[in-house]
Amino acid sequence: MAAAEDSLEERSLACTAQQLGLAVPESLLRLQAQSRRVTTALSPQTGGGDKLARMVWHGWQPPAGVARQARPLVMLHGGSGSWTHWARVIEPLLLSGYTLWLADLPGFGESDAVPGGVDVDTMLAPVAYGIEQLLGQSQSAPVCDLVGFSFGGMAAGLMAAEFPQLFHRLVLVGAPGMGLTEGKAVRLKGWRHLPGLQAQMEAHRYNLAALMLHDASLIDEETLALHALNVGRDRLPRRRLSQTDILAQALGKLKMPLAAIYGEQDPLYTGRLEELRAAMQCQYAADLHWQSLEGVGHWAQHEAPAAFCAALKKALA
C-alpha cells in the first residue's frame, strides 16, 4: 500500500483558489477533509527524493454500519478536470457501500505530468502502476472496478485493454475516442487572456453550457468555481487523441464486462447516440450494457447525480 504524503501546495485547491481570486466551495472542502489523500509514483524508475514525479489520489471508505461492496471503484475524471468531477456522487456511492479511489490524472489537478507526455496514451502505465500501489498487484482476481468519464473514460478503456488483470468491470461515461466526433468539436471560448475574474467566469459559464451541462440553469456558483479551479490546473493543452478512434480500437481487445452511460443530450454525440451504441457493440465481443440518461448532457454525474448513481449501480450489478 502507498503511504499518504505531504500536499503539492502549488496545485492544491486552496492555493489555486487564492491565485485565481476564488473561494473553494464548502462542499469540496468538506469532501476533501473526509478523504485520505495518497500519492503514488508515476513509475518504478522515477527515482526518489524531492524530484519524485507523483500522482495524487483521494480515497473514501463507506461509513460505519454500511455493508461494503466486493471491490473498490477507481474513478477517472474528464479532461481539464480532477477528482472534483465526481463531487456530487461521492456521498451517495459511499452510502451504497462503495470504497472510492478518485484520481487526479497525470497533468491535471494536483498530479505531476508524465515527463514528455502530452496525451492519454502516455499516462496508461503510470495510472495502472498507481492502482497497483494503492490496491496491490492482481494475483488471482481483479483488484477493482474501473469507471471513467469523458477523457478519463478514454483512458479507462485503453488501460483496461492493456492491463486487463487489474479490472473486473469497465464503465464508460460520456467517453470520446470512438471515431464519431472528428470535425464536430464543441467550440469553446478561451479565458486565460481575459482581463479580470468576471470576464473569465463568463467564459467558463459559456463553456459549461456549450459542452458540459444541458440545462444551463444548473450552472450555479459552486459549479462555476469547481470548473474554474480545474481548468486552471490543466497542463496538457495539446491533447488530440479524443478526436480519433483510439477507444474503439481498444474495445475490441476487452474480455471483461463493459457498460456505457451517456447523457441523451451530450453535445459530442448530438443525434448519434444510437450510432455510438452500435459502434461500441460492434467493437466489443460480448453484450454491452448501455444506458442513456434523459435530458442530461455530457457531465451526467454532476447534472443528474441521482439518475447517474442509479445507472452506475445497475452497470456494476
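Note that the structure is a prediction, hence the values are computed from the model and not measured.

## Here's the deal with the pairing of strand β1 (residues 36-41)
For β1, the buried fraction is high: five of the six residues fall into the buried class. Relative to strand β2 (residues 54-60), β1 runs antiparallel, the two sharing six bridges. Bridged to Thr39 within β2 is Val56.

## Description of unusual backbone geometry
Generally, phi is negative for residues other than glycine and the peptide bonds are trans, each holding for most cases. Positive phi, close to 55°, is recorded for Ser80, a residue that is not glycine. Mapping Ser80 onto the fold places it in the loop between β3 (73-76) and α3 (87-95). Residue classification places Ser80 among the buried residues on the basis of a relative accessible area of 15%.

## A word on the environment of Ile246
Summarising the element assignment, Ile246 is placed in helix α8 (residues 246-251). We classify Ile246 as buried; its relative accessible area is 18%. The spatial distance from the C-alpha of Ile246 to the C-alpha of Met123 is 14 Å, given a sequence separation of 123 residues. Filtering out sequence-adjacent residues up to four positions away, Ile246 remains in contact with Met154, Leu158, Gly177 and Leu241.

## So, the sheet that holds strand β7 (residues 258-263)
Taken together, eight strands build an open sheet; the order of strands is β1-β2-β4-β3-β5-β6-β7-β8 and the sheet is mixed. Across the chains shown, the open sheet's two edge strands, defined by having one partner strand only, are β1 and β8 (289-293). The mean angle between the axes of side-by-side strands here comes to 20°, regardless of whether they run parallel or antiparallel. With four bridges connecting them, strand β6 (residues 167-173) and β7 associate as parallel partners. Its bridge partner lying in β7, Leu172 is registered against Ala260. With respect to the sheet, helix α4 (residues 124-135) is in contact with β1, β2, β3, β4 (100-104), β5 (144-149) and β6, its orientation differing from that of β1 by roughly 125°. This element, helix α5 (residues 151-162), spans β3, β5 and β6 of the sheet and lies at about 140° to β5.

Reading the values: rules and limits
Residues numbered from 1 in each chain as written. Predicted model: local features only at pLDDT ≥ 70, side-chain atom pairs only at ≥ 80, totals over all residues. Heavy atoms only, no water. Buried < 20%, exposed > 50% of the residue type's maximum accessible area, 1.4 Å probe, protein only. Helix = DSSP H or I, 4+ residues; strand = E, 2+ residues; numbered from the N terminus. Pairing = 2+ DSSP bridges. Contact = heavy atoms within 4.5 Å. Axes fitted to C-alpha atoms, helices over the stretch in contact; angles between N-to-C directions.

Structural measurements only, silent on function.
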